[in-house]
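Observations on chain architecture
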Amino acid sequence: AQTVTQSQPEMSVQEAETVTLSCTYDTSENNYYLFWYKQPPSRQMILVIRQEAYKQQNATENRFSVNFQKAAKSFSLKISDSQLGDTAMYFCALRSEKLVFGKGTKLTVNP
Amino acid sequence: EAQVTQNPRYLITVTGKKLTVTCSQNMNHEYMSWYRQDPGLGLRQIYYSMNVEVTDKGDVPEGYKVSRKEKRNFPLILESPSPNQTSLYFCASSPGQLYSPLHFGNGTRLTVT
């Protein structure tokens, strides 16, 4: 069975600061991919970043980057220079045949 | 415009009255799936389909049915809805490859009284 755990139900950060959201996972598959999705109050699901499990290099998308530790089965998301528009629920997800989501972290960016 | 279209966006119904939530995608994606989102539980997969005429149960399939007669459509059917199916539902699609991210519909807020 695949599981994804997000241990921080809620977090807050000041505008322009950096915040890291944690995610750990478990799978017996060798071939899988990891994703972070963002869900703003509009409830749309938006892809933030993805990571191939076979790649050691951490993925980066502008202000968003991941720290992927395969041996530890850890996949944290770092948001630099936080903006008010980053306020949202963030979901970590693991995909092999199925796509399994964590329970989410509610991030609030304060002015 | 490439998109996943779900209808309706909001639905209020009564226990036992059959309903269908439609989902259609115009990207020729092989993979389609349904999720329900509940506070504190994240998104849980209900059913998924790897291609036409192929469907499989996700983690919470009880009380739901799906069909995949055409590549673009993947309706979610609740034959006899119950209050514990009150939730926010998402349809999503992607190409068949694992690295492909999901494209989500805008969600359907279902209330069963």
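What this report covers is the structure whose coordinates are included nearby. (Residues numbered from 1 in each chain as written. Chains lettered and ligands numbered in written order. Predicted model: local features only at pLDDT ≥ 70, side-chain atom pairs only at ≥ 80, totals over all residues. Heavy atoms only, no water.)

**Quick look at the pattern of salt bridges**
Residue and element names in this part refer to chain B. Counting across every chain of the model gives seven salt bridges over all chains. Between Arg36 and Asp38 there is a salt bridge, with its nearest N and O atoms 2.9 Å apart. Residue Asp38 is joined to Arg44 by a salt bridge in which the shortest nitrogen-to-oxygen separation is 2.8 Å. What makes Arg44 partly exposed here is its relative accessible area of 25%. One salt-bridge network, in which partners are shared between bridges, spans Lys18, Lys65 and Glu79. (Salt bridge = Lys/Arg side-chain N within 4 Å of Asp/Glu carboxyl O. Buried < 20%, exposed > 50% of the residue type's maximum accessible area, 1.4 Å probe, protein only.)

**Quick notes on the interface of chain B and chain A**
Each side of the interface is counted separately: chain B has 31 residues, and chain A has 20 residues. Interface area lost by chain B to chain A is led by Leu43, Leu98 and Tyr99 of chain B, which between them contribute 29%. Remark: the boundary between chain B and chain A carries seven residue pairs in polar contact (both at pLDDT 80 or more). If you list the elements that add at least two residues to the side of chain B that touches chain A, you get β4 (31-38), β5 (42-51), β9 (87-94) and β11 (108-112) of chain B. Looking at the side of chain B that touches chain A element by element, the count peaks at five residues for β5 of chain B. The class makeup of the residues in the side of chain B that touches chain A is 15 nonpolar, 12 polar and four charged. (Contact = heavy atoms within 4.5 Å. Buried area = accessible area lost by both parts, 1.4 Å probe. Polar contact = N/O pair within 3.5 Å; in protein donor to acceptor, adjacent residues only side chain to side chain. Helix = DSSP H or I, 4+ residues; strand = E, 2+ residues; numbered from the N terminus. Nonpolar A, V, L, I, M, F, W, Y, C, P; charged D, E, K, R; others polar.)

**Focus: the side chain of Ser67 of chain B**
Among the structural elements, Ser67 of chain B can be located in the loop between β7 (65-66) and β8 (76-78). Not counting the four nearest positions on each side in its chain, Ser67 of chain B is found in contact with Asn73, Phe74 and Pro75 of chain B.

**Looking at the environment of Tyr89 of chain B**
Residues and elements named next belong to chain B. Take Tyr89: it is sitting in strand β9. Sequence separation between Tyr89 and Gly107 is 18 residues; the distance between their C-alpha atoms is 5.4 Å. Ignoring anything within four residues of it in the chain, the contact list for Tyr89 reads Gln6, Trp34, Tyr35, Arg36, Ile46, Tyr64, Leu76, Leu78, Gly107, Thr108 and Leu110. Side-chain polar atoms of Tyr89 contact the backbone oxygen of Gln85, separated by 2.6 Å.

**Digging into the environment of Lys69 of chain B**
The residue Lys69 of chain B is located in the loop between β7 and β8 in this model. Overall, Lys69 of chain B belongs to the exposed group, its relative accessible area being 63%.

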